[in-house]
Structure formats: structure tokens, C-alpha cells
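# Structure at a glance
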Amino acid sequence: RKIGGMVIAVLIVGAIGASSMYAFNWWKFRNESPTFSSIRKGELTGTGKVGSKFIMGDLEITVQNIAEGSYRPLELDAQGNRITKNYLSAEIMIFNTGYNHKDFLLFGLEDGKGGQYERDTEVEFYMKELKDFGPAREIYPQTIREGHLNFQAPDADIKNLQLIILDETTNKKVIFDIER
């Protein structure tokens, strides 16, 4: 009888622990966008730095440069003055060396304080010299795509950032460390 009671107690404690972990994860990621939810679940294949090339399956991914700056959109503040927005731009090149399938990519930027940033397509409208990577997520076989991934700039006091590229086709991701 004692063994049966202990088994039940262990099962109850295990169930409470598992449900607590589920609730904690739900609370932690409750406001997470679908993009970052997918990125978080991807399998990390490695990390790189700005200027390095990383090979992930059939993809050769190079983060060539990082640029930061500001632009003045047509938005106004409460006093009727034009506002200034800051951006961070990662110039990348991706070559799909494969012959058979296209890859679908997701891009995200995370800061060291848990902030998550999705691409900001408004930047290219105001900054024509930053040729955007384009809205299409697919990389076709035997093609090279180049351009800028533009993001709203994190606060200037945040020095460590991570550019994350997820291949949804393989559910693998690579992280490029960015130091400001």
C-alpha cells in the first residue's frame, strides 16, 4: 500500500511540475510573434560573425556589413514635428547551391535584454541606398540573393545583438553575433 501511495504522490508531483513548466513557458512567450515562435523552435546549426560565411545545408549565408543610422518618416509627434527613427541594417548575401528545392527563410534580430525585432520594410522607402533584401522569403535553387535586412534599431546602450536566420524548409537556424 505504501508503494502505491508513493507512486501516486510522485505522479502528482510530476504532473504539477510539468504543468508549471508549461504555464511558465506560455507566460514567457505569450506575446511572441509567429516569426519568433518559429525561430525559437528551430535547431541551431552554428554561429557566425559579421564578415563570415556560414554553410547551412545548401545555403551559403554571408553577413557582409552592419550599418546604423536614422531617417525621418512623414509621421508627426504630438507637437506636430516630424519624428526621427533609428534603424539597423544587415547587408547579406545568400546563395542556394542546391539543384532541387527552394528554401523559405525567416529573419529576426534579438538583443541581449530579450528584445525581439522583425524586419522593418519602411526603412528602404526612406533610405533608397539600402537596397532591401525583398519581401519574398524563398531562395530558389542555384540563385544568389543580396540586399539589406532592415530593423528598428535597438537602444544604443545594447551592445550585443544576434541576427537569426531560420530555414523553414529544414527547421535549422544560424545566428550571427553583432557587436556594436
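Residues numbered from 1 in each chain as written. Predicted model: local features only at pLDDT ≥ 70, side-chain atom pairs only at ≥ 80, totals over all residues. Heavy atoms only, no water.

## Notes on the sheet that holds strand E2 (residues 53–56)
- With respect to topology, 4 strands assemble into an open sheet ordered E2-E3-E4-E8, the strand pairing being antiparallel. The sheet is open, and its two borders are formed by E2 and strand E8 (143–152), each paired with just one other strand. Mean inter-strand twist for the sheet, computed between neighbouring axes without regard to direction, equals 30 degrees.
- Pairing of strand E4 (residues 85–96) with E8, which is carried by 10 bridges, proceeds in the antiparallel orientation. Residue pairing for E8: Ala 90 is matched across the bridge by Leu 149. (Pairing = 2+ DSSP bridges. Helix = DSSP H or I, 4+ residues; strand = E, 2+ residues; numbered from the N terminus. Axes fitted to C-alpha atoms, helices over the stretch in contact; angles between N-to-C directions.)

## So, the layout of surface pockets
- One number sums up the size of the second largest pocket: a volume of about 160 Å³.
- Considering the residues around the second largest pocket, the lining is formed by Thr 35, Leu 105, Leu 106, Phe 107, Glu 118, Arg 119, Thr 121, Gly 134, Pro 135, Ala 136 and Arg 137.
- No other element matches strand E5 (residues 103–111), which puts 3 residues into the lining of the second largest pocket.
- Taken together, the residues that form the lining of the second largest pocket break down as 5 nonpolar, 3 polar and 3 charged. (1 Å grid on protein atoms, 1.4 Å probe; cavity = no way out; pocket = protein on both sides within 12 Å on 5 of 7 lines; lining within 4 Å. Points joined across faces, edges and corners; volume = space filled by probe spheres on them. Nonpolar A, V, L, I, M, F, W, Y, C, P; charged D, E, K, R; others polar.)

## Topic: the environment of Gln 152
- Assignment of secondary structure puts Gln 152 in strand E8.
- As for Gln 152 and Leu 109, which are separated by 43 residues in sequence, their C-alpha atoms are 9.4 Å apart.
- Not counting the four nearest positions on each side in its chain, Gln 152 is found in contact with Asn 86, Tyr 87, Leu 88, Tyr 117 and Asp 120. (Contact = heavy atoms within 4.5 Å.)

## Thoughts on unusual backbone geometry
- Even without a glycine there, the phi angle at Gln 142 is positive, about 60 degrees.
- Its place among the elements puts Gln 142 in the loop between strand E7 (138–139) and E8.
- Judged by relative accessible area, Gln 142 falls into the partly exposed class, the value being 39%.
- Residue Asn 171 is not a glycine yet carries a positive backbone phi of 60 degrees.
- Along the chain, Asn 171 turns up in the loop between strand E9 (160–167) and strand E10 (172–179). (Buried < 20%, exposed > 50% of the residue type's maximum accessible area, 1.4 Å probe, protein only.)

## Focus on the packing of aromatic side chains
- A complete count under the given rule lists 4 aromatic pairs for this structure.
- Taken together, a centroid distance of 6.3 Å and an interplanar angle of 40 degrees make the contact between Tyr 71 and Tyr 87 tilted. In this pair, Tyr 71 is assigned in strand E3 (residues 59–71) and Tyr 87 in strand E4, connecting sequence segments 16 residues apart. In this structure, Tyr 71 and Tyr 87 share a single accessibility class: buried.
- Grouped by ring-pair contacts, the aromatic residues Tyr 71, Tyr 87, Phe 125 and Tyr 126 constitute a single cluster. (Phe/Tyr/Trp six-rings, centres within 6.5 Å; stacked < 30°, edge-to-face > 60°.)

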